[in-house]
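Each chain, letter by letter, is given below.
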Amino acid sequence: MSTEQHKLGSGFGIHSTTADVLRDIDLSGRLALVTGGYSGLGLETTRALVEAGARVIVPARRPEAAIEALAGLPGVEVGELRDAAGADASGVPGVEVAELDLADLDGVRRFAERFLASGRDLHLLIANAGIMAGPERRVGPGWESQFAVNHLGHFALVNRLWPALARGRARVVSVSSNGHQLSGIRWDDVQFERGYDKWLAYGQAKTANVLFAVHLDALGKEAGVRAFAVHPGAIAGTSLARDIPPEEFAELKKTIESTPGNPGWKSVQEGAATQVWAAISPRLDGLGGLYCEDGDVADPLPPGATLVAGVAEWAVDPREAARLWRLSADLTGVNAFASPATG
């Protein structure tokens, strides 16, 4: 585990909000992209970044719903994704919406091609969209949906947007969860073809989110691109748990609340704070490949513990991260760092 994977003493904590971590931060002229940036933590992230002066692109599976949700933010201009002719407005605070379904790799390609054609630099990318503990679903060529949407879609998106991220010397934030502690990568059955368990599938996908940040940072740091993974905390009032039956969610809530050391539930403003902090904090300059929570870098997970503060060793293992990158590149056919000889 990285010797840097320990708390920094950032001054922020469990109940810090987006307003707290953005105090005295000016994001004027910055262009950000937030997947799922129109509901729950993503909507709060978008709002906070725009209020700090950034322009935010929100890719959405349902663009009409995104525009409706975002139009409710005070003082936010909402429009469609700009093409090259309108790229000079990138420095004006506001929101651009474009269609993108992370389960559709052809759609990811089309979105990225349109963005790259604008010639704009990307300074922040927050991979916030995701699904949790749903029934067994298959997407694409039969991929397990949580692994495909939470990880592979974002993997393809970031690799396709690499030229813009490199020019912007961007920070990439991969939104994970302490649910990663439920499972490492199941190398012998990544797609759960020999029996589906929705919580193990969720745990594997969240581990993949962390490993993605670890290896992206290793590959990208020479170009000035740094990557982090974050755990937002237990958040009340978002749609992430929409696939969990109410009675099961009540039991889950009871389990979380009875776990020793559990910090309790966060508001949306508190939950979004860590991903915003990881994207903009000067305290993280020169660092990368780290897992963060509660507005700071996290400590390693205590031995034998589950669903508490800390990051599991398997999620920040550079060898596991490199192996997952190779698998993801093979599955998606996308790898911005491949040499011409290897494709």
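Presented here is a report on the structure given in the accompanying data block.

Reading the values: rules and limits
Residues numbered from 1 in each chain as written. Predicted model: local features only at pLDDT ≥ 70, side-chain atom pairs only at ≥ 80, totals over all residues. Heavy atoms only, no water. Helix = DSSP H or I, 4+ residues; strand = E, 2+ residues; numbered from the N terminus. Rg over C-alpha atoms; globule rule 2.2 N^0.38 Å. Buried < 20%, exposed > 50% of the residue type's maximum accessible area, 1.4 Å probe, protein only. Contact = heavy atoms within 4.5 Å. Areas by Shrake-Rupley, 256 points an atom, 1.4 Å probe, with all protein chains shown as cover. Lys, Arg positive; Asp, Glu negative; His and termini not counted. Charge placed at Lys NZ, Arg CZ, Asp CG, Glu CD. Axes fitted to C-alpha atoms, helices over the stretch in contact; angles between N-to-C directions. Parallel < 35°, antiparallel > 145°, perpendicular 65-115°, else oblique. Left-handed = near helix turned anticlockwise from the far one by under 90°. Nonpolar A, V, L, I, M, F, W, Y, C, P; charged D, E, K, R; others polar. Core = buried A, V, L, I, M, F, W, Y, C linked by side-chain atoms within 4.5 Å. 1 Å grid on protein atoms, 1.4 Å probe; cavity = no way out; pocket = protein on both sides within 12 Å on 5 of 7 lines; lining within 4 Å. Points joined across faces, edges and corners; volume = space filled by probe spheres on them. Right-handed = clockwise from strand over helix to strand, strands pointing away. Phe/Tyr/Trp six-rings, centres within 6.5 Å; stacked < 30°, edge-to-face > 60°. Lys NZ or Arg CZ within 6 Å of the ring centre and 35° of its normal.

**Let's talk about the overall build of the protein**
Here comes step 1: Along the protein, the regular secondary structure elements total eleven helices and eleven strands.
Here comes step 2: Expected size for 343 residues packed as a compact globule is a radius of gyration near 20 Å; at 19 Å, the protein falls within 12% of this value.
Here comes step 3: Looking at the protein as a whole, 55% of its 343 residues qualify as buried.
Here comes step 4: A sequence separation of at least 24 residues applies to 78% of the contacts in the protein between residues at least 6 apart.
Here comes step 5: Here the protein has roughly 14,000 Å² of accessible surface; of this, 51% comes from carbon and sulfur atoms.
Here comes step 6: Both charge centroids of the protein, one from 32 positive and one from 42 negative side chains, sit 2 Å from each other.

**Remarks on unusual backbone geometry**
With the exception of glycine, most residues fall at negative phi, and the peptide bonds are largely trans.
Here comes step 1: Although it is not a glycine, Asp24 sits at a positive phi angle of roughly 70°.
Here comes step 2: Mapped onto the elements of the fold, Asp24 is located in the loop between α1 (18-22) and β1 (31-34).
Here comes step 3: For Asp24, a relative accessible area of 79% gives the class exposed.
Here comes step 4: Backbone geometry places Arg169, a non-glycine residue, at a positive phi of 45°.
Here comes step 5: By the element assignment, Arg169 lies in the loop between α6 (162-167) and β8 (171-175).
Here comes step 6: Judged by its relative accessible area of 57%, Arg169 falls in the exposed class.

**Thoughts on the packing of helix α4 (residues 105-117) against helix α5 (residues 145-160)**
Here comes step 1: The contact between α4 and α5 brings their axes to 9 Å, and the two run at 25°. Of the possible angle classes, the one that applies to α4 and α5 is roughly parallel. Considering the relative orientation of α4 and α5, their crossing is right-handed. Within the contact between the two elements, α4 uses Leu105, Val108, Arg109, Phe111, Ala112 and Leu116 and α5 uses Leu152, Gly153, Ala156, Leu157 and Arg160.
Here comes step 2: Taken together, the residues that form the contact of α4 with α5 break down as eight nonpolar, one polar and two charged.

**Describing the packing of α5 against helix α7 (residues 198-220)**
Here comes step 1: Contact pair α5 / α7: the axes reach a minimum separation of 7 Å and the direction vectors enclose 20°. In this view, α5 runs roughly parallel relative to α7, as classed from their interaxial angle. Where α5 approaches α7, its residues Gln146, Phe147, Asn150, His151, His154, Phe155 and Val158 are matched on the opposing element by Lys198, Ala201, Tyr202, Gln204, Ala205, Lys206, Ala208, Asn209, Phe212 and Leu216.

**Looking at the nonpolar core**
Here comes step 1: Phe111, Leu122, Leu125, Leu161 and Leu165 are the most contacted members of the largest nonpolar core, which has 53 residues in total.
Here comes step 2: Mapped by element, the contributors of at least two residues to this core are β1, α4, β5 (124-127), α5, α6, α7, β9 (226-231) and α11 (318-332).
Here comes step 3: Examining the composition of this core, we find that eight residues originate from one element, α5, more than from any other.
Here comes step 4: In this structure Leu125 touches Leu33, Val158, Leu161, Leu165, Arg171, Val172 and Val173, once residues within four positions along its chain are discounted.
Here comes step 5: If you look at the next biggest cluster of nonpolar residues, it comprises 37 residues, including Leu27, Tyr38, Val56 and Phe228.

**Points about the environment of His180**
Here comes step 1: Tracing the chain through its elements places His180 in the loop between β8 and α7.
Here comes step 2: Placed 34 residues apart in sequence, His180 and Val214 show a C-alpha to C-alpha distance of 14 Å.

**A few points about the layout of surface pockets**
Here comes step 1: Size it by volume and the second largest pocket reaches roughly 290 Å³.
Here comes step 2: For the lining of the second largest pocket, a count of residues per class yields eight nonpolar, four polar and six charged.

**Observations regarding the pairing of β1**
Here comes step 1: Here β1 shows two buried faces, one formed by Leu31 and Leu33 and the other by Ala32 and Val34.
Here comes step 2: In this region the chain leaves β1, passes through helix α2 (residues 40-51) and returns to the parallel neighbour strand β2 (residues 55-60); the handedness of that crossover is right-handed.

**Here we look at the packing of aromatic side chains**
Here comes step 1: Inspection of the entire model under this criterion finds seven aromatic pairs.
Here comes step 2: Ring centres of Phe155 and Trp325 lie 4.7 Å apart, and the angle between their planes is 70°; on these two criteria the pair is classed as edge-to-face. Here Phe155, found in helix α5, pairs with Trp325, found in helix α11; they are 170 residues apart in sequence, far enough to count as distant. Neither residue differs from the other here; Phe155 and Trp325 are each classed as buried.
Here comes step 3: Seen from their ring centres, Trp325 and Phe337 are 5.9 Å apart, and the 65° between their planes marks the pair as edge-to-face. Here Trp325 is found in helix α11, whereas its partner Phe337 is found in the segment after α11, with twelve residues between them in sequence.
Here comes step 4: Taken together, the ring pairs connect Phe155, Trp162, Phe212, Trp325 and Phe337 into an aromatic cluster.
Here comes step 5: For Arg186, the ring lying beneath its charged end belongs to Phe192, and the centroid distance is 4.0 Å.

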